[in-house]
Amino acid sequence: FWSDATALHTPREVADAARTAREHGVTGFIPSLEAFSYVPDRPEAGEPSVVGKRHKPFGFDPLGDGKMPYNVLPVRVQRFAYRAFSQDPDLEFAKFERQLGEHFFGPQASRAEAADLLELQRIWMYEADWYWASPLMNPDFFVAHARRLNWSPEHLAAYDKDLMALREIATRNRSGSNPATSEMHRLAETVVGRWDAKQTTPSRVPQAKQ
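### Side note on unusual backbone geometry
Backbone phi values are negative for most residues with the exception of glycine, while trans is the configuration of most peptide bonds.
Thinking step 1. For A45, which is not a glycine, the phi torsion comes out positive at approximately 55 degrees.
Thinking step 2. Among the secondary structure elements, A45 is positioned in the loop between α2 (11-23) and α3 (62-65).
Thinking step 3. Owing to a relative accessible area of 40%, A45 belongs among the partly exposed residues under this scheme.
Thinking step 4. Positive phi, close to 60 degrees, is recorded for F58, a residue that is not glycine.
Thinking step 5. Considering the arrangement of structural elements, one finds F58 in the loop between α2 and α3.
Thinking step 6. Residue F58 is classed as buried on the basis of its relative accessible area of 9%.

### As for the pattern of salt bridges
Thinking step 1. Summed over all chains, the structure comprises eleven salt bridges.
Thinking step 2. The partner of D162 in a salt bridge is R122, with the nearest N and O atoms 2.6 Å apart. Here D162 is found in helix α8 (residues 153-172), whereas its partner R122 is found in helix α6 (residues 111-125), with 40 residues between them in sequence.
Thinking step 3. Classification of D162 as buried rests on a relative accessible area of 7%.
Thinking step 4. Residues joined in a network through salt bridges with shared partners are R76, E183 and R186.

### Some details on the packing of helix α4 (residues 73-87) against helix α5 (residues 93-105)
Thinking step 1. With their axes 11 Å apart at the nearest point, α4 and α5 run at an angle of 130 degrees to one another. Between α4 and α5, the angle falls in the class oblique. Seen from above, α4 lies across α5 with right-handed handedness. Residues L73, R76, V77, F80, A81, R83, A84 and F85 of α4 form the contact with α5, whose participating residues are F93, F96, Q99, L100, H103 and F104.
Thinking step 2. Residues belonging to the contact of α4 with α5 are distributed by class as follows: ten nonpolar, two polar and two charged.

### Points about the packing of aromatic side chains
Thinking step 1. Counted under the stated rule, the structure contains 16 aromatic pairs.
Thinking step 2. Between F80 and F104, the ring centres sit 6.1 Å apart and the planes meet at 70 degrees, which makes this aromatic pair edge-to-face. Note that F80 is positioned in helix α4 and F104 in helix α5, a separation of 24 residues in sequence. Comparing F80 with F104 shows no difference in burial state: the two are buried.
Thinking step 3. Plain terms: the ring middles of W151 and Y159 are 5.3 Å apart, the flat faces sit at 15 degrees to each other, and that makes the pair stacked.
Thinking step 4. Residue W151 is classed as buried on the basis of its relative accessible area, which comes to 8%.

Criteria and thresholds
- Residues numbered from 1 in each chain as written.
- Predicted model: local features only at pLDDT ≥ 70, side-chain atom pairs only at ≥ 80, totals over all residues.
- Heavy atoms only, no water.
- Helix = DSSP H or I, 4+ residues; strand = E, 2+ residues; numbered from the N terminus.
- Buried < 20%, exposed > 50% of the residue type's maximum accessible area, 1.4 Å probe, protein only.
- Salt bridge = Lys/Arg side-chain N within 4 Å of Asp/Glu carboxyl O.
- Axes fitted to C-alpha atoms, helices over the stretch in contact; angles between N-to-C directions.
- Parallel < 35°, antiparallel > 145°, perpendicular 65-115°, else oblique.
- Left-handed = near helix turned anticlockwise from the far one by under 90°.
- Contact = heavy atoms within 4.5 Å.
- Nonpolar A, V, L, I, M, F, W, Y, C, P; charged D, E, K, R; others polar.
- Phe/Tyr/Trp six-rings, centres within 6.5 Å; stacked < 30°, edge-to-face > 60°.

Right, dumping it as C-alpha cells:
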C-alpha cells in the first residue's frame, strides 16, 4: 500500500494509512519519503517562482548545511511514526505520543515536550507539496505563492497562528539541554527569524490585484 502521508502530512495521517492498508488486507505498507534537490527549469506544481532556484528537501538545505535531510527533526518524527504504526496500526495516539516523547526526550519526557514536537512537525508540513515544505518556512516563497493563489485573509491568518506557535516553541525550548529540545528551538527560531528580518507576518502579504 502506498501513501504520501510520511512525506507531506503528520503522524495521524501515517496512522490512518497503516490502518487502511490493514483493512484492505494488503501485505505491505511502503509510503514515499522522497527528498530531492535540483534546480527546476520550468514551473512545478503550478508555481513559477521556483524556476531557477534549487529545491531544498523538506525545507532544509543539505548542500549548505552538510547534513542528511532525513535526519532533521520533523522528518525523524515521521520515520518514527511509520515504524510505530506499521508495527501496530491500532496503536492509540495517546500511547504513540508517550512513545514519541520517550524516544526523543528520554524516559522523563513531559507531555509538553511531545506536544511541542508534534506541533513543530505539523507546522513544517502544513500545505506542503512534493517541491517545498510549508510555505511558512520561506517568506519570499510564501509571498509569491500566496499572491498567485490569492489566499483569503482567513487563510493568511491561519499562518499567523502557526508563526506565533513557532515563536512560543522557540521560547519554551530555548534553555533545554536535550538535543531534540535544542533542535526544536533552533528550527522554530530560524523560521521566526526569517519573518522578523522581513518585518512582516503572513497576514500582511499584499493581495494580488484583481
